[in-house]
Amino acid sequence: MRGTEYQVPSDTQNHPGPISFTEALISGDLQAVRACPKADLHTHGWANSDRSYILEKTGRDIAPVATPLASMEAMHAWAQANIGNLFDGPAGRVLGIEATFTRALKDGLTRIEFGDDAWMITQGLGLPRDLVDSIVRIHARMAPQVEWIPQLGLSRHCKVERLREWMAPWLELGFHRVLDLSGDELAQPVEVFQPLYRAAKNRGMRLKAHVGEWGTADDVRRAVEVLELDEVQHGIAAAESPAVMRFLADHGIRLNICPTSNLLLGRIARLQDHPIRRLFDGGVKVTVNTDDAIVFGVGVSEEFLGLFRAGVFTAAELELIRQWGLQDNSRG
């Protein structure tokens with residue numbers, strides 16, 4: 001039975017803007033949806049950039065993916081063909097950060113999580129402190145009202161010995177609040193990353209990892225157990241197993257889900273059938289996010305409105321999900 005796991009509010013609390021979030025969804029008013037506070041907890045550096053800002057600054061109009069891609073390799077090929085080295089070097093880095101905060105403001109984000117991958121210290125752009133300061137300055141100049149939660153990324157494609165070496169100065173800096181692991185889920189078993197996650201946990205970092213986008217429900221549970229995750233990026237495969245859903249619900253593990261990304265990467269055939277519904281009904285706490293806004297062409301506001309129009313959730317249920325994204329998640 002739908003919606004039995006949570007007490008869904010009948011209406012939103014008062015928020016800035018002429019109408020409430022639920023009213024905005026029901027009326028189909030995208031601008032009113034944008035006016036309500038939201039979070040994007042699943043993002044990737046320059047891939048969060050605002051399309052119109054990039055056009056204004058560079059004259060390049062990056063049209064998003066229009067039809068589903070066959071694989072992650074196809075997405076990487078798309079990015080190389082359409083974006084190339086636009087965000088490389090010092091100027092490209094500034095452009096990407098500025099465009100990310102511009103999108104956050106336009107989308108009504110009051111919380112966003114992103115940062116650098118550990119390997120960025122190999123790109124000749126400075127030490128961790130230099131890289132952090134570059135984001136801090138732009139954040140203060142462009143969007144101080146947005147809560148920026150600094151996230152450190154690891155790639156599954158890198159040897160763990162190199163990741164340990166690159167990660168050490170970032171941990172010593174002690175600035176980042178979140179750790180994430182991304183890349184091909186099959187590149188290396190999660191067990192090899194356990195020591196890195198233990199080190200981050202000892203520093204008080206919140207732990208996330210990409211899993212269950214391409215893998216299985218059992219992969220999701222194993223990653224949570226081995227890496228002691230607080231949250232999962234994607235995790236939609238968990239909907240295949242009632243037992244795994246109950247495990248996630250019992251342990252308070254939040255899934256930060258990206259519906260349009262899942263659609264355009266061929267993980268689902270139709271938005272109406274997205275497993276986020278089964279996860280919600282199974283008692284799993286979920287949030288709605290973009291993944292790569294400039295690639296998939298939607299903000300968090302469009303994601304919420306799309307789920308409502310597709311009949312996946314009621315407006316009141318989406319209000320609850322919106323509130324979950326604005327709160328710190330605590331593992332049970």
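Structure: above.
Keep in mind that this is a model prediction, so the values were computed, not measured.

## Structural notes on the nonpolar core
Reasoning step 1: Counting residues in each nonpolar core, the largest one holds 77 residues, and the members touching the most others are Tyr197, Leu248 and Val286.
Reasoning step 2: Contacts of Leu248, omitting those with residues within four sequence positions, involve Val220, Val224, Ala238, Ile253, Leu255 and Val284.
Reasoning step 3: Of all hydrophobic cores here, the second largest spans 18 residues; its members include Leu86, Phe87, Leu95 and Leu264.

## So, the packing of helix α14 (residues 300-309) against helix α15 (residues 315-325)
Reasoning step 1: Contact pair α14 / α15: the axes reach a minimum separation of 10 Å and the direction vectors enclose 150°. When the axis of α14 is compared with that of α15, the two are roughly antiparallel. The interaxial crossing formed by α14 with α15 has right-handed handedness. Across the interface between the two elements, Phe304, Leu307 and Phe308 from α14 touch Ala315, Leu318, Ile321 and Arg322 from α15.
Reasoning step 2: Considered class by class, the residues forming the contact of α14 with α15 number six nonpolar, no polar and one charged.

## Some thoughts on the layout of surface pockets
Unfilled space is identified by rolling a water-sized probe across the atoms.
Reasoning step 1: Empty space within the second largest pocket amounts to approximately 270 Å³.
Reasoning step 2: Lining the second largest pocket are 15 residues; nearest its centre among them are Asp50, Arg103, Gly297, Gly299 and Glu302.
Reasoning step 3: Residues of the lining of the second largest pocket, tallied by class, amount to four nonpolar, four polar and seven charged.

## Examining the packing of aromatic side chains
Reasoning step 1: Scanning all chains against the criterion turns up seven aromatic pairs.
Reasoning step 2: With centroids separated by 5.8 Å and ring planes inclined at 45°, the aromatic side chains of Trp148 and Phe175 adopt a geometry described as tilted. Placement of the pair is Trp148 in strand β3 (residues 147-155) and Phe175 in the loop between α7 (160-173) and β4 (178-182), with a sequence separation of 27 residues.
Reasoning step 3: Trp148 gets classed as buried once you look at its relative accessible area, which sits at 9%.
Reasoning step 4: When the centroid spacing of 6.0 Å and the interplanar angle of 45° are considered together, the rings of Phe280 and Trp324 count as tilted.

## Observations regarding the pairing of strand β2 (residues 109-114)
Reasoning step 1: The buried count for β2 comes to five of six residues, which makes it a mostly enclosed element.
Reasoning step 2: Sheet topology places strand β1 (residues 38-40) next to β2; three bridges connect them, and they run parallel. Paired with Asp40 across the strands is Ile112, a residue of β2.
Reasoning step 3: Note: β2 against β3, four bridges, orientation parallel. Of the residues in β3, the one forming a bridge with Ile112 is Trp148.

## Quick notes on helix α4 (residues 72-82)
Reasoning step 1: For α4, the full list of buried residues reads Met75, Trp78 and Ala79. The arc that holds the buried residues of α4, viewed along the axis, is 95°, so those residues lie on one side. Opposite the packed face of α4, turned more than 90 degrees from it, sit the exposed residues Glu73, Gln80 and Ala81.
Reasoning step 2: Looking at the buried residues of α4, the elements they touch are α13 (293-296).
Reasoning step 3: Downstream of α4 by one or two residues, Gly84 has phi in the positive range, about 60°.

## A closer look at the packing of α7 against helix α8 (residues 194-202)
Reasoning step 1: Packing of α7 against α8 brings their axes to within 10 Å, and their N-to-C directions diverge by 10°. Between α7 and α8, the angle falls in the class roughly parallel. Counting all contacts with α7, which are made through Val160, Leu163, Arg164, Met167 and Leu171, the residues of α8 involved are Pro195, Leu196, Ala199 and Ala200.
Reasoning step 2: Among the residues making up the contact of α7 with α8, the classes are represented as eight nonpolar, no polar and one charged.

## Notes on the environment of Trp119
Reasoning step 1: Relative to the helices and strands, Trp119 resides in the loop between β2 and α6 (128-142).
Reasoning step 2: The exposure class assigned to Trp119 is partly exposed, which follows from its relative accessible area of 29%.

What counts, and at which threshold
Residues numbered from 1 in each chain as written. Predicted model: local features only at pLDDT ≥ 70, side-chain atom pairs only at ≥ 80, totals over all residues. Heavy atoms only, no water. Core = buried A, V, L, I, M, F, W, Y, C linked by side-chain atoms within 4.5 Å. Buried < 20%, exposed > 50% of the residue type's maximum accessible area, 1.4 Å probe, protein only. Contact = heavy atoms within 4.5 Å. Axes fitted to C-alpha atoms, helices over the stretch in contact; angles between N-to-C directions. Helix = DSSP H or I, 4+ residues; strand = E, 2+ residues; numbered from the N terminus. Parallel < 35°, antiparallel > 145°, perpendicular 65-115°, else oblique. Left-handed = near helix turned anticlockwise from the far one by under 90°. Nonpolar A, V, L, I, M, F, W, Y, C, P; charged D, E, K, R; others polar. 1 Å grid on protein atoms, 1.4 Å probe; cavity = no way out; pocket = protein on both sides within 12 Å on 5 of 7 lines; lining within 4 Å. Points joined across faces, edges and corners; volume = space filled by probe spheres on them. Phe/Tyr/Trp six-rings, centres within 6.5 Å; stacked < 30°, edge-to-face > 60°. Pairing = 2+ DSSP bridges. Arc of directions from axis to C-beta.

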